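# Fold and contact review
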Amino acid sequence: MDAISWNAPDADHPARRAARASMTAVAEGRKDDWLNLFTEDALVEDPVGPSFLDPSGNGHRGPEAIGAFWDGFISTIAGFHFTIAGSFANGPCCANVTTITTTTPDGSTMTIDCVLIYTVNEEGRITSLRAHWEPDRALKTLTPPPHGEPQAQPGGNAANTTKE
């Protein structure tokens, strides 16, 4: 199964290209490729505002902070699947109505309904990624792993599985 199900308009747009590249790199566990999509002063807010992922609510600015966000959150997820239900690109931005299904290393899943807003510069590099979602709402979707099923492995690639 592909890591992205795009069920939305997909006319070419620089911010939409960056959004697709970002989701692909995350789903494939390619940290360096993901970080290279951002400008030196880029800001990642995921989610926007204070949360357990960002208690101050100030986001993660610059390569070091964005890399730390990857290490502390993205890398702990074994698999990602992005379903894009709507995509609105204009100016330097693209807003995607998205459902992200995550799989943890033990096989548990969580669904995050969100709006992901990517802003790019003239070169098509991401200057801002704003993820609007509600952590409490997402945590309510957490489902335990099916007993005896293959377990996903950390690193963002659900294709790697092992038996219990």
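Residues numbered from 1 in each chain as written. Predicted model: local features only at pLDDT ≥ 70, side-chain atom pairs only at ≥ 80, totals over all residues. Heavy atoms only, no water.

## Regarding the overall build of the chain
Spelled out, the test is: Helix and strand assignments follow DSSP, with helices taken as H or I runs no shorter than four residues and strands as E runs no shorter than two, numbered in order from the N terminus. Throughout this description, buried means an accessible area under 20% of the type-specific maximum (1.4 Å probe, protein chains only), exposed means over 50%, and partly exposed covers the range between. Here the accessible surface of atoms and residues is derived via Shrake-Rupley with a 1.4 Å probe, and residues count as covered only by protein chains that are part of the display.
The helix and strand inventory of the chain stands at 4 helices and 9 strands. Start at the N end of the chain and walk to the C end: the helices and strands fall as β-α-α-β-β-α-β-β-β-β-α-β-β. Burial analysis of the chain (164 residues in total) assigns 44% to the buried set. Just so you have it, the chain exposes about 8300 Å², and 53% of that area is on carbon and sulfur atoms.

## Description of the packing of aromatic side chains
Filter applied, for reference: Pairing of aromatic side chains here covers Phe, Tyr and the six-membered ring of Trp, requires ring centres within 6.5 Å, and sorts the geometry by plane angle: under 30 degrees stacked, over 60 edge-to-face, intermediate tilted.
Here the structure, examined in full by the defined rule, presents 4 aromatic pairs. Aromatic side chains Phe69 and Phe73 sit 5.8 Å apart centroid to centroid with 35° between the ring planes, which places their arrangement in the tilted category. Between Phe80 and Phe82, the ring centres sit 6.0 Å apart and the planes meet at 10°, which makes this aromatic pair stacked. The class for Phe82 is buried, based on a relative accessible area of 4%. In textbook terms, an aromatic cluster arises when at least three aromatic residues are bridged by ring pairs, as seen for Trp34, Phe38 and Trp70.

## So, the side chain of Asp46
The line we're drawing: In this tally Asp and Glu are treated as negative and Lys and Arg as positive; neither His nor the chain ends contributes. When a carboxyl oxygen of Asp or Glu is within 4 Å of a side-chain nitrogen of Lys or Arg, the pair counts as a salt bridge. Two residues form a contact once any of their heavy atoms are found within 4.5 Å.
Note on placement: Asp46 falls in the loop between strand 2 (38-45) and strand 3 (60-61). In this structure, Asp46 is buried with no salt-bridge partner, the nearest side chain bearing the opposite charge being Arg130 at 11 Å. Not counting residues up to four positions away in its chain, the partners in contact with Asp46 are Leu53, Phe69, Ala131 and Trp133.

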